[in-house]
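Topology and contacts: notes
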Amino acid sequence: MAATGAGTTARTDGDTASGVLDAALAWLTDHAEWFGPRWDDHFPPRDFAGATVMELLMLCRLLRRSDPAPPGAAELERAASGLARDAVAAADPGRDAENLPYRLWTLALLADLGHPDEGPFAAARALAERRPPRPPGAGASPVHALELRHILDLAGLAAPAGLPGAAPLYDACVAEHAGGTGEYDAYGVTHTVLYATDFGARPLPGDTAAMGRVLGGLLRAYLDEGHLDLAAELLLCARIAGGGPPALERRAWDRLAAAQRPDGSLPGPPFDAQVLAGRTGERATAYVFRTCYHTTLVTAMAAAHAGAHARP
């Protein structure tokens, strides 16, 4: 962890987050094509070609909420929007029903950002009205149902029969995941907060103080473990829930800033410097992208949210 000594200039959490964000956005913009066709050249195929670039669009929405917008935000949004349109156009029409929720999600994000792909969005909405996406079956985490509810709300579509509202789904997700400490439950908690609040655009529908305690405990645990991907998601969600203890947030930002690589990326759990040392050229670039992109993305989301809410 980076420490501030007696003879150094102290930096606020906002300063640290801003520096991390600028470097992360530069890396994400430089590697934007890897969220699109370059993925297929190096990694296993995705069920829906837009699944990864859709995450970039989520970040772009958070950057839109920042005032002023961070440097590079507009360039990243242009790149992400173009890749998303291409992914929708390239989607397998034979799997329309199977991929419909993520297709709707991508198109709704584009529309929300002011880059509507009107023909495909109208077609996807019409298909969803004729054949509503089915809620997850028994035994599935309620987070999947909450995700579907979030998608349909963002797309302006009515929920199908059998899909509860966001508030009862939030309660079910909390009951399912808030008592656990493993990766599965920790990611279940973060996704619950993100979907229930539209990534911080709305207040939590439940007990904010209780969720804050859950998030704070998990953030401490995963900082201790050095799991930066979960630490970044938990930091983002803690801010959405009203902010964690200031000392814990400072610790988290210092840890993320210290871990950020010179190129601006942040290493995810699979990253291994020794593996990277054995690779060169495009194989090295592909390895860094695959093992760092998600942690870099969610760290940028946390920093963007910190920037959006830095003013009193």
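Please refer to the structure placed before this passage.
Attention now goes to the overall build of the protein chain. Assigned secondary structure in the protein chain consists of 14 helices and 0 strands. Each helix (α) and strand (β) of the protein chain, taken in turn from the N terminus, gives the series α-α-α-α-α-α-α-α-α-α-α-α-α-α. Compactness check: the protein chain gives a C-alpha radius of gyration of 19 Å against a globular reference of 20 Å for 312 residues, within 12% of the reference. Considered along the principal axes of its C-alpha atoms, the protein chain spans approximately 65 × 50 × 35 Å. For the protein chain, with 312 residues in total, the buried portion stands at 49%. The contacts in the protein chain between residues at least 6 apart in sequence include a share of 72% that link residues at least 24 apart. Carbon and sulfur atoms form 52% of the exposed surface of the protein chain, whose accessible area is close to 13800 Å². Counting 27 positive and 37 negative side-chain charges, the protein chain places the averaged centre of each group 1 Å from the other.

This part is about the pattern of salt bridges. According to the stated counting rule, one finds 11 salt bridges in the structure shown. Its salt-bridge partner being Arg61, residue Asp112 comes within 2.8 Å of it at the nearest N-O pair. You can see Asp112 sitting in helix α5 (residues 96–112) and its partner Arg61 sitting in helix α3 (residues 51–64), a full 51 residues away along the chain. Two residues, Arg251 and Asp224, come together in a salt bridge whose shortest N-O distance is 2.4 Å. Highlighted residues: Arg251 in helix α12 (residues 246–259) and Asp224 in helix α10 (residues 208–225), separated in sequence by 27 residues. When its relative accessible area of 23% is taken as the criterion, Arg251 is described as partly exposed. Look at the salt bridges and you will find they share partners, linking Glu33, Arg38 and Glu282 into a network.

In this description, a pair of aromatic rings is defined by centroid distance and the angle of the planes. Here the structure, examined in full by the defined rule, presents 14 aromatic pairs. With 5.9 Å between their ring centres and 65° between their planes, Trp105 and Tyr195 make a pair best called edge-to-face. With Trp105 in helix α5 and Tyr195 in helix α9 (residues 183–196), the pair connects residues that are 90 residues apart, well separated along the chain. The class of Trp105 is buried, set by a relative accessible area of 1%. Judged by relative accessible area, which is 9%, Tyr195 ranks as buried. The interplanar angle of 10° and the centroid separation of 5.1 Å between the aromatic rings of Phe289 and Tyr293 together place this pair among those described as stacked.

To continue, consider α3. Helix length check: α3, at 14 residues, gives a terminal C-alpha distance of 21 Å against a target of 20 Å (1.5 Å per residue), a fit within 8%. In terms of burial, α3 is largely enclosed, as 12 of its 14 residues are buried.

Close contact between helix α1 (residues 13–30) and helix α4 (residues 73–90) brings their axes to 10 Å; oriented N to C, the two are set at 30°. Taken together, the axes of α1 and α4 are roughly parallel relative to one another. When the axes of α1 and α4 are compared, the crossing they make is left-handed. Contacts between α1 and α4 pair Leu25, Leu28 and Thr29 from the former with Ala73, Glu75 and Leu76 from the latter.

This brings us to the environment of Pro267. Turning to its location among the elements, Pro267 is positioned in the loop between α12 and α13 (273–277). According to the relative accessible area criterion, Pro267 is buried, its value standing at 16%. Residues Pro267 and Val288, 21 residues apart in the sequence, show an inter-C-alpha distance of 8.0 Å. Excluding residues within four positions of it along the chain, Pro267 makes contact with Leu228, Ala259, Arg261, Thr291, Cys292 and Thr295.

Rules used in this analysis
- Residues numbered from 1 in each chain as written.
- Predicted model: local features only at pLDDT ≥ 70, side-chain atom pairs only at ≥ 80, totals over all residues.
- Heavy atoms only, no water.
- Helix = DSSP H or I, 4+ residues; strand = E, 2+ residues; numbered from the N terminus.
- Rg over C-alpha atoms; globule rule 2.2 N^0.38 Å.
- Buried < 20%, exposed > 50% of the residue type's maximum accessible area, 1.4 Å probe, protein only.
- Contact = heavy atoms within 4.5 Å.
- Areas by Shrake-Rupley, 256 points an atom, 1.4 Å probe, with all protein chains shown as cover.
- Lys, Arg positive; Asp, Glu negative; His and termini not counted.
- Charge placed at Lys NZ, Arg CZ, Asp CG, Glu CD.
- Salt bridge = Lys/Arg side-chain N within 4 Å of Asp/Glu carboxyl O.
- Phe/Tyr/Trp six-rings, centres within 6.5 Å; stacked < 30°, edge-to-face > 60°.
- Expected span 1.5 Å × (residues − 1).
- Axes fitted to C-alpha atoms, helices over the stretch in contact; angles between N-to-C directions.
- Parallel < 35°, antiparallel > 145°, perpendicular 65-115°, else oblique.
- Left-handed = near helix turned anticlockwise from the far one by under 90°.

Honestly, it's all geometry; don't read function into it.
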